[in-house]
Amino acid sequence: MTLKTYLTSWKAGTNMKKNKFSKIISSNECLYRYRSVNEENIKALSSGRLYFSKVGNFNDPYDSLLFINTKTVVDEILGNIYIGMADYIKKMRIQGHESAQLMEVLWSNKKSQDTIMRRHFELICDCLDGIRKMIKHNPRIICFSENYDSLLMWSHYADNHKGYVLVYDKESIESASKFSYDGDVVKQKTKLEKVNYVTKQVDMTEEAIDYIRNNMLENMGDIETHDATMPPYKIRQILTEKAKAWEYEEEWRLIPRITKLDEESRLGYIEIRPKAVIFGSQTKEEDVEQIKEICAEKNIPVYRIFLSETSPDFCLKIGDDGELQSV
């Protein structure tokens, strides 16, 4: 052990003795972020950053997956095209479009009519795929949990208890400065919301019909076009609802206050100092020492969570006084 490591470890130990973990979280306004030990996460801890993620990178394939009844959308829009095509061609003729006569010939031929309808079917399906991809790609989210002592969370998100947990208070998360990945200040407002666990997805079929008809396809039927957007409140609802199977996560999310489906968020990261760091029961000692050194420099107290040795219950117990070794 180098002198620097010894001194920083001693400093961290001194800080821990001054701060009981139970006192740090006594307000019950803390949230926790589970992390594995890797170069990227260590660098983020050292720089005091929490990075936003795309929904498409999450481990739940249903996460923010738009439910849109494809058959209903196809039937509605193709039906509108089929019924309104005669009026559309008439309008083209009145407006002097050179292609009006050709369209009339093509539409009067069964084979070419089928080709036109098939092409629009493909366009509608492409539009639906595009909408689903946008919500997976454009919003940005940072995830937290209400609990620091979940056996499953330590296993799933902290490398089988070999990682660590970062402790934050809600107020600091909400007031943190926001930046793009390039380091530019981002003024976009965010909102910290608790995830709701539900049995069914939000049905966005009607909104999808309206959006596709008015934004992604030329209207060829008898319905007037208008400026149509996916309602931001519905997008926010989709971003904060998950299947009940994920209830054990007790998740909170930092999300854009207003999310526009077709605009990629500029949010890259927030700058924030954790209130504490908790090592897992299986965290390697060399990782403990590395993170302790970073925390000592930033005056962040460190703790460790242990498998229970005083009860037969399957549970985790934290060293409230900052002890890092099981006794």
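What you see is a predicted model; the values in this text were computed from it and never measured.

A. Summary view of the environment of Pro139. Take Pro139: it is sitting in the loop between helix H6 (110-137) and strand S3 (142-145). For Pro139, a relative accessible area of 3% corresponds to the buried category. Those residues in contact with Pro139 that sit more than four places away from it in its chain are Ser53, Lys54, Val55, Met134, Leu239, Thr259 and Ser265.

B. Unusual backbone geometry, seen in detail. Of note in the backbone geometry, Asn160 takes a positive phi value of approximately 55° without being a glycine. In this fold, Asn160 is placed in the loop between helix H7 (151-157) and strand S4 (164-169). The exposure class of Asn160 is partly exposed, given its relative accessible area of 46%. We note that Glu250 has phi near 45°; this positive angle belongs to a residue other than glycine. Positionally, Glu250 belongs in the loop between strand S8 (241-243) and strand S9 (251-256).

C. Fine view of the packing of aromatic side chains. Counted according to the given criterion, the structure contains 9 aromatic pairs. Ring geometry for Phe144 against Tyr168: centres 6.2 Å apart, planes inclined by 80°, an arrangement best described as edge-to-face. Taken together, the positions of Phe144 in strand S3 and Tyr168 in strand S4 put the pair 24 residues apart, joining distant regions of the chain. The class of Phe144 is buried, set by a relative accessible area of 3%. You can call Tyr168 buried: its relative accessible area is 2%. When the centroid spacing of 5.3 Å and the interplanar angle of 20° are considered together, the rings of Phe179 and Tyr269 count as stacked. One end of the pair, Phe179, is in strand S5 (residues 177-179); the other, Tyr269, is in strand S10 (residues 269-271), with 90 residues separating them in the sequence.

D. Spatial organisation of the nonpolar core. Within the largest apolar cluster, 36 residues are counted, with the highest numbers of intra-cluster contacts made by Ile68, Val73, Met85, Ile131, Met204 and Met230. Ranked by the residues each element gives to this core, the list is headed by helix H4 (residues 70-94), at 9 residues. Counting 28 residues, the second largest nonpolar core, distinct from the first, contains Phe144, Val186, Ile291 and Val302.

E. Highlighting the packing of helix H3 (residues 39-47) against helix H11 (residues 285-297). Put simply, H3 and H11 touch, their axes get as near as 9 Å, and they point 20° apart. For the element pair H3 / H11, the angle class is roughly parallel. As for how H3 packs across H11, the hand of that crossing is right-handed. The segment H3 lies against H11, with Ile42, Leu45 and Ser46 engaging Gln290, Ile291 and Ile294.

Reading the values: the criteria
Residue indices begin from 1 for each chain and proceed along its sequence in written order. Only residues with pLDDT of at least 70 are given local features in this predicted model, and only at 80 or more are side-chain atom pairs given and counted; all residues enter the totals for whole chains, interfaces and linings. Remark: hydrogens and water are excluded; side-chain values derive from all non-hydrogen atoms of the structure. Labels follow the DSSP assignment, with helices taken as runs of H or I lasting at least four residues and strands as runs of E lasting at least two, numbered in each case from the N terminus. Whether a residue is buried, partly exposed or exposed follows from its accessible area with a 1.4 Å probe, protein chains only, as a fraction of its type maximum: under 20%, in between, or over 50%, in that order. Contact between two residues is taken to exist if any of their heavy atoms lie within 4.5 Å; hydrogens are not considered. Put simply, two rings from Phe, Tyr or Trp (the six-membered ring, in Trp's case) pair if the centres are within 6.5 Å, and we call them stacked under 30 degrees between planes, edge-to-face over 60, tilted for the rest. Throughout this description, the term nonpolar core refers to a set of buried Ala, Val, Leu, Ile, Met, Phe, Trp, Tyr and Cys residues connected via side-chain atoms within 4.5 Å. Simply put, an axis is a line fit to the C-alpha atoms, just over the touching stretch for a helix, and the angle between two N-to-C directions goes from 0 to 180 degrees. Working rule for angles: under 35 degrees goes down as roughly parallel, over 145 as roughly antiparallel, 65 to 115 as roughly perpendicular, anything else as oblique. Handedness of a helix crossing follows the sense of rotation of the near helix relative to the far helix, less than a right angle counterclockwise being left-handed and clockwise being right-handed.

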